[in-house]
Amino acid sequence: MTQQELQNIFESEFNWDNWKKVMNFVFPEFKFNLVQTDLTRDTKAHKKSAGYIKEHGTTQLASPEMLTLCEILVNDNVRLDRNIKSVRSLVADLAVPNYQTVIVVFHNADNTKWRFTLVVKEFTEANKVFDKKPDSYTYVFGVGEKGRTASERFLELANTPNKKLKDLEKAFSVKALSDDFFYEYKYKHYNAFLRYLTGEEIIRLDKKDKYLPVANPDPVGINFLKTNFNNDKILARDFIKKLLGRLVFIRFLEKKSWMGATTPDYTDGISDFTLELFERSTKDQTFYFQHLWKLFFETLNAKRKNDDYKMPDGRLLKVPYLNGGLFEPNEIDKKPIVFPSDLFAELLNFFQEYNFTIVEDDIDLKEVAVDPEMLGHIFENLLEDNKGKGAFYTPKEIVHYMCQESLYEYLKTYLAQNGFWSADAAKAATLEKDLHNFVTQKSASQIIEFDKPLATALTTVKICDPAIGSGAFPMGLLNEIFQCVHVLFDASPDTVGAVWEMETWQPNVVKLNIIQNSIYGVDIEKGAVDIARLRFWLSLIVDEPKPTPLPNLDYKIMQGNSLLESFEGIDLKFDRRKYVKPIEKAKDLFGNIAEKDKQISIAEAMATSNFDLVKMEREYFGTQNADQKEKIRKQITD
């Protein structure tokens, strides 16, 4: 079987005969059962999501593990390309006797989309019991999906003798996919745009020569560096990052079926809309200013009748109005610029070779696809541009740990300050353990008696990153808060729903509230601010069922120097001592009766003082009218 034959199978409807060919090709020793073993269970997860679960056979790996193949027919209400929670529940509830490693094929009746998942359970050596939750890695295959990565990897796996578990894990590696994608994105495509405008490129420290540099810079691009960017190469780099970031963002919109739909329901958008736009255009150097400029600033950033967008061939299709400043032109955007057509042709075709997923990375189920977190990786992988200003990449594992520990300490402090912490040492130790499990393991069963104070604490938490970079830390906290609210809502929907003002679970509403009420960030680098905002906008559209105008993040994530205490004579420090209120008379240290003052919180100060600026910023966050946005922005600036 060739790589192309594998790819054709992965990009087609699920067919069991074809899948048997794949399994026999990759695992020649695999033995299919003459009679499939029925593993369907009478559990909540199975009743809600699964039609049946069957075991089809096993094979012995070179390592001690036995590999089992299972098939799960999911119910029609489960969208295999999006309903990650249903898939995860079935994986966690899988009951194959005495197994450590299982390959699971998920499909439903129409077979249009299907998943291929590797589940690895760890056991202790002493008693062969679970040591932790299973690790799961999954591909999405089927019509409209891309099978390049999977076909390359499974061809390599087929040619690997004496296959071990580590060989299977390599075939399902998410990190390897990210590394491959970003290497090509960075050294081939970003570098090509960078060389065109600045005559420079990022030096490859790993000595790979796969993407060779152009011998001489393009004189046309260098001329634009002078006329549009005043010879400022950092400004030109930021422009390129934002341009490519916008195109990546649109790639996710395509995955949502929001680009080029035929009706306002946005269910049949064109999966390769931007590439088709290029192919339908004249495909010359005017593509950016004639077509992308119109798409960015006169379509995605402008309200239109019926969301109509006219393609180069005259077709009227639907493209949503997104608002939010993401596609709002700045002064540089408004200047004309041309790019060689091959830069966009190669970039857009490159995007088509990879599967993009709108499902954010799950703790227990990792999809082998380019996920929304990639916008952060883009910036982090270009950090050599900014190391002179102290910008360095923090590994994801460290970010994850720090976010969880920070949130845990905040919730612990909140409970103690509001009288919910027991004075009994044993009870306090138990609560401390249960609270830590709630934050780190997302287990709410042991802390359910504190559902209301915890839900309230999660609505009032404030996060400010004074050097936000690509947004890794606030994004990490956004996801931690979101998951905590989710498990708390599942455990106590009435109480938590009342606090968060929702009757049913609404992930889009929860995320929007967290971003509006809790997240703040500053960075001295404009390019960092642009990417951070992109990440937050993307995190919102992931959970939106239909296109919705995005919030304005101008005063949530801002460019500035957080080390300054004053600017042009203006004191930037917030002095709480200015905001005090009297409390009842009480004894002082010497027993004298005296009226004492109490410092109040910033939130209280905002509520009791005439904070017009805060009110204007809140109004600006949700404003969609362009004229009104400009009016409020001018009031804030003045």
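What you see is a predicted model, and the numbers here were worked out from it, not measured in a lab. (Residues numbered from 1 in each chain as written. Predicted model: local features only at pLDDT ≥ 70, side-chain atom pairs only at ≥ 80, totals over all residues. Heavy atoms only, no water.)

(A) View of the packing of aromatic side chains. For the structure on display, the rule yields 45 aromatic pairs. Relative to F154, the ring of F116 has its centre 5.4 Å away and its plane inclined at 55 degrees; by these criteria the two rings are tilted. Here F116, found in strand β5 (residues 113–120), pairs with F154, found in helix α5 (residues 148–158); they are 38 residues apart in sequence, far enough to count as distant. The same class applies to F116 as to F154, namely buried. Seen in terms of ring centroids, Y288 and F339 are 5.7 Å apart; in terms of plane orientation they differ by 85 degrees. Their pairing is edge-to-face. Here the residue Y288 occupies a position in helix α11 (residues 287–300), and F339 occupies one in the loop between β8 (316–318) and α12 (341–352), the gap between them amounting to 51 residues. One aromatic cluster in this structure is built from F10, F14, W16, W19, F30, F32, W114, F116, Y139, F141, F154 and F172. Note that K54 overlies the ring of Y52, its terminal NZ or CZ placed 4.4 Å from the centroid. Between the NZ or CZ atom of R251 and the centre of the ring of F356, over which it lies, the distance is 5.1 Å. (Phe/Tyr/Trp six-rings, centres within 6.5 Å; stacked < 30°, edge-to-face > 60°. Helix = DSSP H or I, 4+ residues; strand = E, 2+ residues; numbered from the N terminus. Buried < 20%, exposed > 50% of the residue type's maximum accessible area, 1.4 Å probe, protein only. Lys NZ or Arg CZ within 6 Å of the ring centre and 35° of its normal.)

(B) Just the pairing of strand β3 (residues 66–74), in detail. Among the nine residues that make up β3, eight are buried, leaving the element largely enclosed by the rest of the structure. Where strand β2 (residues 50–60) lies against β3, nine bridges are found, and the strand directions are antiparallel. Along β3, the bridge assignment pairs T58 with T68. Here β2 folds back onto β3, and the loop between the two strands holds five residues. Judged from the seven bridges that link them, β3 and strand β4 (residues 101–107) form a sheet pairing that is parallel. Counted as the bridge partner of C70 is V104 from β4. (Pairing = 2+ DSSP bridges.)

(C) Local environment of the packing of helix α17 (residues 472–491) against helix α20 (residues 526–541). Axis separation between α17 and α20 bottoms out at 10 Å; the angle between their running directions is 20 degrees. It follows from the interaxial angle that α17 and α20 lie roughly parallel. Handedness of the crossing formed by α17 with α20: right-handed. Contacts between α17 and α20 involve A472, P474, M475 and L478 on the former and, on the latter, R535, F536 and S539. Among the residues making up the contact of α17 with α20, the classes are represented as five nonpolar, one polar and one charged. (Axes fitted to C-alpha atoms, helices over the stretch in contact; angles between N-to-C directions. Parallel < 35°, antiparallel > 145°, perpendicular 65-115°, else oblique. Left-handed = near helix turned anticlockwise from the far one by under 90°. Contact = heavy atoms within 4.5 Å. Nonpolar A, V, L, I, M, F, W, Y, C, P; charged D, E, K, R; others polar.)

(D) Summary view of the pattern of salt bridges. Per the counting criterion, the structure on display carries 19 salt bridges. R246 is the partner of D333 in a salt bridge, and the nearest nitrogen-oxygen pair spans 3.5 Å. In this pair, D333 sits in the loop between β8 and α12 while R246 sits in helix α9 (residues 233–255), placing the two residues 87 residues apart along the sequence. Residue D333 shares its accessibility class with R246, and that shared class is buried. With a shortest N-O distance of 2.8 Å, R251 and E254 are connected by a salt bridge. On the criterion of helical spacing, the pair formed by R251 and E254 is a turn pair, its members being three residues apart in helix α9. (Salt bridge = Lys/Arg side-chain N within 4 Å of Asp/Glu carboxyl O.)

(E) Molecular detail of the sheet that holds strand β11 (residues 519–523). Taken in spatial order, the three strands make up an open sheet running β10-β11-β12, and their pairing is parallel. Across the chains shown, the open sheet's two edge strands, defined by having one partner strand only, are β10 (463–465) and β12 (557–559). On average, adjacent strands in this sheet sit at an angle of 10 degrees to one another, irrespective of strand direction. Pairing of β11 with β12 involves three bridges; the strand directions are parallel. Paired with V522 across the bridge in β12 is M558. Lying over the sheet, helix α19 (residues 507–518) contacts β10 and β11, oriented at roughly 55 degrees with respect to β11. This element, α20, spans β11 and β12 of the sheet and lies at about 170 degrees to β12.

(F) Region of interest: α19. For α19, with 12 residues, the first-to-last C-alpha span of 16 Å sits near the 16 Å given by 1.5 Å per residue. All of the buried residues along α19 are P507, N508, V510, K511, I514, I515 and S518. Axial view of α19: buried residues confined to an arc of 165 degrees, hence all on one face. (Expected span 1.5 Å × (residues − 1). Arc of directions from axis to C-beta.)

(G) Summary view of the nonpolar core. Within the largest apolar cluster, 148 residues are counted, with the highest numbers of intra-cluster contacts made by F249, Y288, F339 and F438. The biggest single contributor to this core is helix α7 (residues 174–198), with 13 residues. Sequence-distant contacts of F249, that is, excluding residues within four places in its chain, are made with L322, L326, F327, L534, W537, L538, I541 and L550. By size, the runner-up hydrophobic cluster in this structure holds 17 residues, among which are I53, L80, L90 and V102. (Core = buried A, V, L, I, M, F, W, Y, C linked by side-chain atoms within 4.5 Å.)

(H) Seen up close, helix α15 (residues 425–440). Between the first and last C-alpha of α15 there are 22 Å, a value that for 16 residues agrees with the 22 Å anticipated at 1.5 Å per step. Those residues of α15 that sit buried are A428, L431, D434, L435, F438, V439 and T440. On its buried face, α15 is in contact with α14 (396–417), α16 (451–460) and α17. Measuring from the side-chain oxygen of the N-cap residue of α15 to the backbone nitrogen of A426 gives 3.1 Å; that N-cap residue is D424. (Polar contact = N/O pair within 3.5 Å; in protein donor to acceptor, adjacent residues only side chain to side chain.)

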